[in-house]
Each structure stands twice: as structure tokens, then as C-alpha cells.
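Commentary on secondary and tertiary structure
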Amino acid sequence: MTSIQDQTDEDLMKAYRDGSMAAFEHLYGRHKGGVYRYFLRSTKEQADAEELFQDVWIKVVNAREDYTCSAKFTTYLYRIAHNRLIDFYRHKGSAQYALRDDSSEGDFEQFSDEESLESILQIEQQAMQVKEAISLLPALQRDALLLQLEGLLSLEDIATICDTTRETIKSRLRYALAKLKQQFEGELL
């Protein structure tokens, strides 16, 4: 018999549908980080990301009895997340997605080596620049990019989630990456 760690997401969801709480816990453990980061990088507020995150998992729990394996579980999960994010922005009256700036003042007293501190500060600065650059992308391009980065989804899966074609997603990603590259090349000049 296959151990729970070796089971596919789809098999775990079927097992959960059939009553296995351990299957759900393992499935949740596999995907909680990506889903949370997807919301965190798509919203301005940590509280909003947490609320959206909880809503998605509640929907998964409530829909378990009706779950049928018609697509990959990640496609199913991120489709729920994507739709919840769209509803969130509709409710707020904004079609714009924003990237949360989660930089916080860290306690660097533990670092006695100036070089280590300088390296950490440089990495944090670069991370903030990347977040800012992503936040400046048009919403559709940003959403496709975050679904790929955080959900580790294929072009086909992202197209299914966004209810569009693979080629459209491919174009959105190509334009997003070109804009990011252009922005960073501009900073290097």
C-alpha cells in the first residue's frame, strides 16, 4: 500500500472526500504555503490575505463531498483561490491587484559581523525591488505570474483557472517578464 506522502493530491482529496482527515491534513500541508503567498502577494494587507486563505480552505472542506477529479487538484484549488480574489476586489470596488509590502524592521542585534548584516540588507532590498516591480505589472499579467510562481502551475492549469487560452497566458507571462527585465535593466544603467 502507498504511504500518504506518496499519494497524489487527487488521491488525497478523494481519500478526504471519503472521510480521511489525515489525507486532508497532508494535502493542506502541501499547499498552504503557496496559497497563502499567492494571496499575500496579491493583496496589500496581511489580514486580507489571511481571510482569503481561510475562505479558500473552507470552500475546499465544504465541497469535499461533491469533489470529482476532473482536473489536477492544484488547478481546482487555485481556481477557487483566483475566483475568491476576484470576488474580494469586486467587493472592494477595485479591479487592481496590489502587492503587499511586508518588509518589517528586523532585529539585527544578533548579527555581529558587519558583512553578514550588509548581505542580509542587500538581499532584503533586492526582494523589495522585485515585489515593487511585480506590483507595477498590469493585473492580468501579475496574476498569471503569481499563479505560476506561487502555485507552480503549468500554462494549461493557469489558463483553466483564468478561463482563457494557454497562448493568452503564455503571452501574459512573456509580457510580464519583459516588463520586469526592462525595469531592472533600467535600474542598472
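Everything that follows concerns the structure shown earlier in this document.
All of these numbers come straight from a predicted model, not from anything done at the bench. (Residues numbered from 1 in each chain as written. Predicted model: local features only at pLDDT ≥ 70, side-chain atom pairs only at ≥ 80, totals over all residues. Heavy atoms only, no water.)

1. Some remarks on the overall build of the protein chain
Check the secondary structure of the protein chain and you find eight helices and zero strands. Each helix and strand of the protein chain, ordered N terminal to C terminal, gives the series α-α-α-α-α-α-α-α. Out of the 189 residues in the protein chain, the part that is buried amounts to 37%. Considering only intrachain contacts with a sequence separation of at least 6, the fraction spanning at least 24 residues in the protein chain is 64%. Entry remark: accessible area of the protein chain is about 11,500 Å², with carbon and sulfur atoms responsible for 49%. (Helix = DSSP H or I, 4+ residues; strand = E, 2+ residues; numbered from the N terminus. Buried < 20%, exposed > 50% of the residue type's maximum accessible area, 1.4 Å probe, protein only. Contact = heavy atoms within 4.5 Å. Areas by Shrake-Rupley, 256 points an atom, 1.4 Å probe, with all protein chains shown as cover.)

2. What to know about the pattern of salt bridges
Counted according to the given criterion, the structure contains ten salt bridges. Here Asp 18 ties to Arg 17 by a salt bridge, and the two come within 3.4 Å at their closest N and O atoms. When the shortest N-O distance is used, the salt bridge between Asp 55 and Arg 84 registers 2.8 Å. Taken together, the residues span a long stretch of sequence, with Asp 55 in helix H3 (residues 46-62) and Arg 84 in helix H4 (residues 73-92) at a distance of 29 residues. Here the residues in one salt-bridge network are Arg 37, Arg 41 and Glu 150, joined through shared partners. (Salt bridge = Lys/Arg side-chain N within 4 Å of Asp/Glu carboxyl O.)

3. Observations concerning the environment of Asn 83
In this fold, Asn 83 is placed in helix H4. With 27 residues separating them along the chain, Asn 83 and Val 56 place their C-alpha atoms 9.5 Å apart.

4. Focus on the packing of H4 against helix H7 (residues 155-162)
Interhelical geometry of H4 versus H7 gives an angle of 40° and a closest axis separation of 9 Å. Judged by the angle between their axes, H4 and H7 are oblique. For the pair H4 and H7, the sense of crossing is right-handed. Between H4, through Thr 74, Thr 75, Tyr 78, Arg 79 and His 82, and H7, the contact on the second element is made entirely by Asp 157, Thr 160, Ile 161 and Cys 162. Classifying every residue of the contact of H4 with H7 gives three nonpolar, four polar and two charged. (Axes fitted to C-alpha atoms, helices over the stretch in contact; angles between N-to-C directions. Parallel < 35°, antiparallel > 145°, perpendicular 65-115°, else oblique. Left-handed = near helix turned anticlockwise from the far one by under 90°. Nonpolar A, V, L, I, M, F, W, Y, C, P; charged D, E, K, R; others polar.)

5. Digging into the packing of aromatic side chains
Tallying each qualifying case throughout the model produces twelve aromatic pairs. Where Phe 53 meets Trp 57, the ring centres are 6.4 Å apart and the plane angle is 65°; that geometry is what we call edge-to-face. Pair noted here: Phe 53 and Trp 57 are both in helix H3, with a separation of four residues, about one helical turn. The cationic tip of Arg 174 hangs over the ring face of Tyr 175; the distance from NZ or CZ to the ring centre is 5.8 Å. (Phe/Tyr/Trp six-rings, centres within 6.5 Å; stacked < 30°, edge-to-face > 60°. Lys NZ or Arg CZ within 6 Å of the ring centre and 35° of its normal.)

6. Considerations on the packing of H3 against H4
Geometry of a packed helix pair, given as the angle between the helix axes and the separation of the axes. At their nearest, the axes of H3 and H4 sit 10 Å apart, and the two run at 130° to each other. When the axes of H3 and H4 are compared, the pair comes out oblique. Like other packed secondary-structure pairs, H3 and H4 cross with a definite hand, here right-handed. Residues Asp 48, Glu 51, Leu 52, Asp 55, Val 56, Trp 57, Lys 59 and Val 60 of H3 form the contact with H4, whose own contacting residues are Leu 77, Ile 80, Ala 81, Arg 84, Leu 85, Phe 88 and Lys 92. Looking at the contact of H3 with H4 residue by residue, the classes come out as nine nonpolar, no polar and six charged.

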